[in-house]
Amino acid sequence: QVQLVESGGGFVQAGGSLRLSCAASARTFNNYHMGWFRRAPGKERDFVGAITGSGGTTYYADSVKGRFTISIDNAKNTVYLQMNSLKPEDTAVYYCAAVSSFQFNLRVPAAYNYWGQGTQVTVAS
């Protein structure tokens, strides 16, 4: 069983930045692929980005590409989501997710079997 705990959410003005963290309890953290998703009010859970267990490959949704960056610190069992140039449409609850097995598509929620509780990000215009 893997526990994921997100932190770093908050309130920010448009154009500002936030860094989300997701700490994992996994013993072999570098074997896990990690994803970030978000759910805005009244909407489905959308893919934001993902990083492979080796940290060698990252994937991003088109809506955040060039603004958001995922990184991983295996020594701290933590994955980060650096969010720059935030827009009001980025307002959502952000979730991190983990999976230890190979997945053809890390862009879908169904690929992951562990989820954090979420952290709220609010971007004011």
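The following refers to the structure shown. In this text, all values refer to a predicted model and were calculated from it rather than measured experimentally.

## Regarding the pattern of salt bridges
- Under the definition given, this model contains three salt bridges.
- The partner of D90 in a salt bridge is R38, and the shortest N-O contact between them spans 2.9 Å. With a gap of 52 residues between them, D90 in the loop between β8 (78-83) and β9 (92-99) and R38 in strand β4 (residues 33-39) connect regions that are remote in the sequence.
- Judged by its relative accessible area of 0%, D90 is buried.
- Between D62 and K65 there is a salt bridge, and its shortest N-O distance comes to 3.3 Å.
- One salt-bridge network, in which partners are shared between bridges, spans R38, R67 and D90.

## Brief notes about the packing of aromatic side chains
- For the structure on display, the rule yields six aromatic pairs.
- Between F37 and Y112 the ring centres are 5.4 Å apart and the planes differ by 80°, which places this aromatic pair in the edge-to-face class. A residue pair is termed long-range when its members are at least 10 positions apart, and F37 in strand β4 and Y112 in the loop between β9 and β10 (114-115) qualify at 75 residues.
- Given the relative accessible area of 0%, F37 is considered buried.

## As for the pairing of strand β5 (residues 45-51)
- Counting buried residues along β5, five of its seven residues qualify, which places the element largely inside the surrounding structure.
- Pairing of β4 with β5, which is carried by six bridges, proceeds in the antiparallel orientation. Note on β5: the bridge partner recorded for F37 is F47.
- The antiparallel pairing of β4 with β5 creates a hairpin that spans five residues between the two strands, and G42 there sits at a positive phi of about 80°.

The rules behind these values
- Residues numbered from 1 in each chain as written.
- Predicted model: local features only at pLDDT ≥ 70, side-chain atom pairs only at ≥ 80, totals over all residues.
- Heavy atoms only, no water.
- Salt bridge = Lys/Arg side-chain N within 4 Å of Asp/Glu carboxyl O.
- Helix = DSSP H or I, 4+ residues; strand = E, 2+ residues; numbered from the N terminus.
- Buried < 20%, exposed > 50% of the residue type's maximum accessible area, 1.4 Å probe, protein only.
- Phe/Tyr/Trp six-rings, centres within 6.5 Å; stacked < 30°, edge-to-face > 60°.
- Pairing = 2+ DSSP bridges.

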